[in-house]
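What follows is each chain in one-letter form.
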Amino acid sequence: MKKFLIKTLTALLSSILLANLLLPGIALASYSDVDENYEFAEAIDYLELQGAIGNAEDFRPNDPINRAEVFKITFELLLGEEALDEASTGTYFTDVPEDAWFTPYSTLAKKYELLRGNSFLPDNPLRQFEALDLPLRAYCSGTAITPTNQRTNLFADVSSTHPMHSLLKAATGLGVITAVENRTLPPYKVLPRGQFAD
């Protein structure tokens, strides 16, 4: 199962890179609130072309993205049309009604072990560290604990004693982000929908 997920994620990343090469600077999003000059317009276009986001009139790029939306987009990209077919029925979480639109995505998150804990928290906004944790978990990359005496400050707001230090260290080690000690990376910052699309 994990090998399938790794292969799928690799194919997804390859598709994103290919789309960026073939469609540079082209804005296709049909949302009334996403201008072609918007900094994340291409990423939103890609999600729309892949069928990972619906075709509502507005995208609301500056609104916070919640966890239910994040898992819908993630699994629609990873599994495509088969996403709902692969989801089991019922729910694993007490905060997920069986008839909610996001229930299938919550069962997939549980199946692929992408969540910690027993709550799905569908309406909670996604924070920056969670946006880093999700792909690390999907790629089966551990977030090994770095001994305190071997830690260094990663960012101006992420000291060696910060509770998210190990996660952010793993993300820097994989090249997902670049640590710059005098730059900030607020790990608890809520991500807007447009930035998540990127």
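Worth saying up front: this structure is predicted, and the values here are computed from it rather than measured. (Residues numbered from 1 in each chain as written. Predicted model: local features only at pLDDT ≥ 70, side-chain atom pairs only at ≥ 80, totals over all residues. Heavy atoms only, no water.)

**Q** I would appreciate a short explanation of helix α3 (residues 67-79) in the present structure.
**A** Residue pairs three or four apart in sequence face the same way in an α-helix, which turns once every 3.6 residues. Between the first and last C-alpha of α3 there are 18 Å, a value that for 13 residues agrees with the 18 Å anticipated at 1.5 Å per step. Of all the 13 residues making up α3, 12 are buried; the element is thus mostly covered by neighbouring parts of the structure. By the burial criterion, the buried members of α3 are Arg-67, Ala-68, Glu-69, Val-70, Phe-71, Ile-73, Thr-74, Phe-75, Glu-76, Leu-77, Leu-78 and Leu-79. Backbone nitrogen of Ala-68 and a side-chain oxygen of the N-cap are separated by 3.1 Å at the start of α3; the cap is Asn-66. The positive-phi residue at the C-terminal boundary of α3 is Gly-80, with phi of around 60 degrees. (Helix = DSSP H or I, 4+ residues; strand = E, 2+ residues; numbered from the N terminus. Expected span 1.5 Å × (residues − 1). Buried < 20%, exposed > 50% of the residue type's maximum accessible area, 1.4 Å probe, protein only. Polar contact = N/O pair within 3.5 Å; in protein donor to acceptor, adjacent residues only side chain to side chain.)

**Q** Sorry if this is basic, but what is going on with the packing of aromatic side chains here?
**A** Each aromatic ring pair is summarised here by two numbers: the centre-to-centre distance and the angle between the ring planes. Within the structure shown, the criterion is met by 9 aromatic pairs. Here Phe-75 and Tyr-112 contribute two aromatic rings whose centre-to-centre distance is 5.8 Å and whose plane-to-plane angle is 25 degrees, an arrangement assigned as stacked. With Phe-75 in helix α3 and Tyr-112 in the loop between α5 (103-111) and α6 (128-138), this pair connects stretches of sequence that are 37 residues apart. Each of the two residues, Phe-75 as well as Tyr-112, counts as buried. The interplanar angle of 35 degrees and the centroid separation of 5.7 Å between the aromatic rings of Phe-93 and Phe-120 together place this pair among those described as tilted. (Phe/Tyr/Trp six-rings, centres within 6.5 Å; stacked < 30°, edge-to-face > 60°.)

**Q** Please clarify how unusual backbone geometry should be interpreted in this entry.
**A** Leaving glycine out, the prevailing phi sign among residues is negative, and the prevailing peptide bond configuration is trans. With phi around 60 degrees, Arg-60 is a residue other than glycine that occupies positive phi space. Arg-60 gets classed as partly exposed once you look at its relative accessible area, which sits at 38%.

**Q** Sorry if this is basic, but what is going on with the packing of α3 against α5 here?
**A** A pair of packed helices can be characterised by two numbers: the angle between their axes and the separation between those axes. Here α3 crosses α5 at 70 degrees, and the two axes come no closer than 9 Å. Relative to α5, the element α3 is oriented roughly perpendicular. In this structure, α3 uses Phe-71, Lys-72, Phe-75, Glu-76 and Leu-79 to contact α5, whose residues at the interface are Tyr-105, Leu-108 and Ala-109. Of the residues belonging to the contact of α3 with α5, the class tally is 6 nonpolar, no polar and 2 charged. (Axes fitted to C-alpha atoms, helices over the stretch in contact; angles between N-to-C directions. Parallel < 35°, antiparallel > 145°, perpendicular 65-115°, else oblique. Contact = heavy atoms within 4.5 Å. Nonpolar A, V, L, I, M, F, W, Y, C, P; charged D, E, K, R; others polar.)

**Q** Would you mind showing me how to read the environment of Leu-121 here?
**A** As for its position among the elements, Leu-121 is in the loop between α5 and α6. Separated by 55 residues in the primary sequence, Leu-121 and Asn-66 have C-alpha atoms spaced 8.7 Å apart.

**Q** What is the right way to look at the side chain of Asn-66 in this model?
**A** Along the chain, Asn-66 falls in the loop between α2 (41-49) and α3. At 3.1 Å, the side chain of Asn-66 forms a polar contact with the backbone nitrogen of Ala-68. Within polar-contact distance, the side chain of Asn-66 engages the backbone nitrogen of Glu-69 at 2.8 Å.

**Q** How should I be thinking about the environment of Leu-134 in this particular structure?
**A** Following the sequence through the fold, Leu-134 ends up in helix α6. A residue is classified by how much of its surface remains accessible, and Leu-134, at 12% relative accessible area, is buried.

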